[in-house]
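# Structural characterization, general
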Amino acid sequence: RDVPPERVVQAVRTTGARLVGLSALMTTTVPAMEATIQALHAAQLPCKVMVGGAVLTPGYAERIGADFYAKDAKASADIAKEVLG
């Protein structure tokens, strides 16, 4: 909750994570989600980003630069299987 984008970038660098999941339940948190995606892209890390949450749509996920949109927990598990094998 309320994790600064730089902290997410550092965590990906440290762990080598191949998939980052971000969730927004309120519209006020979506700008932070977009900033996190931008920071990950700027760092040129080889991870994919999956987003979901009550206030997101597939179109908005695409607009903010996410690689995947998960409409629910089942979809997020399916995406994780696809990315992680």
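The structure under discussion appears in the preceding block.
Here we summarise the structure given alongside this text. Keep in mind it's a predicted model, so treat the numbers as computed, not measured.

The rules behind the values
Residues numbered from 1 in each chain as written. Predicted model: local features only at pLDDT ≥ 70, side-chain atom pairs only at ≥ 80, totals over all residues. Heavy atoms only, no water. 1 Å grid on protein atoms, 1.4 Å probe; cavity = no way out; pocket = protein on both sides within 12 Å on 5 of 7 lines; lining within 4 Å. Points joined across faces, edges and corners; volume = space filled by probe spheres on them. Helix = DSSP H or I, 4+ residues; strand = E, 2+ residues; numbered from the N terminus. Contact = heavy atoms within 4.5 Å. Core = buried A, V, L, I, M, F, W, Y, C linked by side-chain atoms within 4.5 Å. Buried < 20%, exposed > 50% of the residue type's maximum accessible area, 1.4 Å probe, protein only. Salt bridge = Lys/Arg side-chain N within 4 Å of Asp/Glu carboxyl O. Pairing = 2+ DSSP bridges. Right-handed = clockwise from strand over helix to strand, strands pointing away.

## A look at the layout of surface pockets
- The space that makes up the largest pocket amounts to roughly 390 Å³.
- In terms of lining residues, the largest pocket is bounded by 13 residues, among which Arg1, Asp2, Val3, Ser23 and Thr29 are the most central.
- Of all the secondary structure elements, the ones that give two or more residues to the lining of the largest pocket are β1 (19–23) and α2 (30–42).
- Examining the composition of the lining of the largest pocket, we find that 3 residues originate from one element, α2, more than from any other.

## Here we look at the environment of leucine 40
- Looking at the element boundaries, leucine 40 is found in helix α2.
- On a C-alpha basis, the gap between leucine 40 and valine 9 in space is 5.8 Å, while along the polypeptide they are 31 residues apart.
- Apart from the residues within four sequence positions on either side, leucine 40 is in contact with Val8, Val9, Val12, Val20, Leu45, Cys47 and Val49.

## Some thoughts on the nonpolar core
- Judged by nonpolar contacts, the single largest core of 18 residues is most densely connected at Val20, Leu22, Met33, Ile37, Leu40 and Val51.
- Contributions of two or more residues to this core are made by α1 (5–15), β1, α2 and β2 (48–52).
- Among the elements that line this core, the one with the most residues is α2, at 4 residues.
- Ignoring any residue separated from it by four or fewer positions in sequence, one finds isoleucine 37 in contact with Leu22, Val49, Val51, Ile64, Gly65 and Ala66.

## So, the pattern of salt bridges
- Following the criterion strictly, the structure yields 1 salt bridge and no others.
- In this structure, the salt-bridge partner of lysine 74 is aspartate 78, at a minimum N-O distance of 2.9 Å. One end of the pair is lysine 74 and the other is aspartate 78, both in helix α4 (residues 73–84) and 4 residues apart, which spans about a single turn.
- Assessed through its relative accessible area of 33%, aspartate 78 is described here as partly exposed.

## Describing the pairing of β2
- Among the 5 residues that make up β2, 4 are buried, leaving the element largely enclosed by the rest of the structure.
- Taken together, the 5 bridges between β1 and β2 define a ladder with parallel strand orientation. The residue bridging leucine 22 from the neighbouring strand is valine 51, located in β2.
- Between the parallel pair β1 and β2, the chain is carried across by α2, and the sense of this crossover is right-handed.
- Bridge analysis of β2 against strand β3 (residues 68–70) gives 3 bridges, and the strand direction is parallel.

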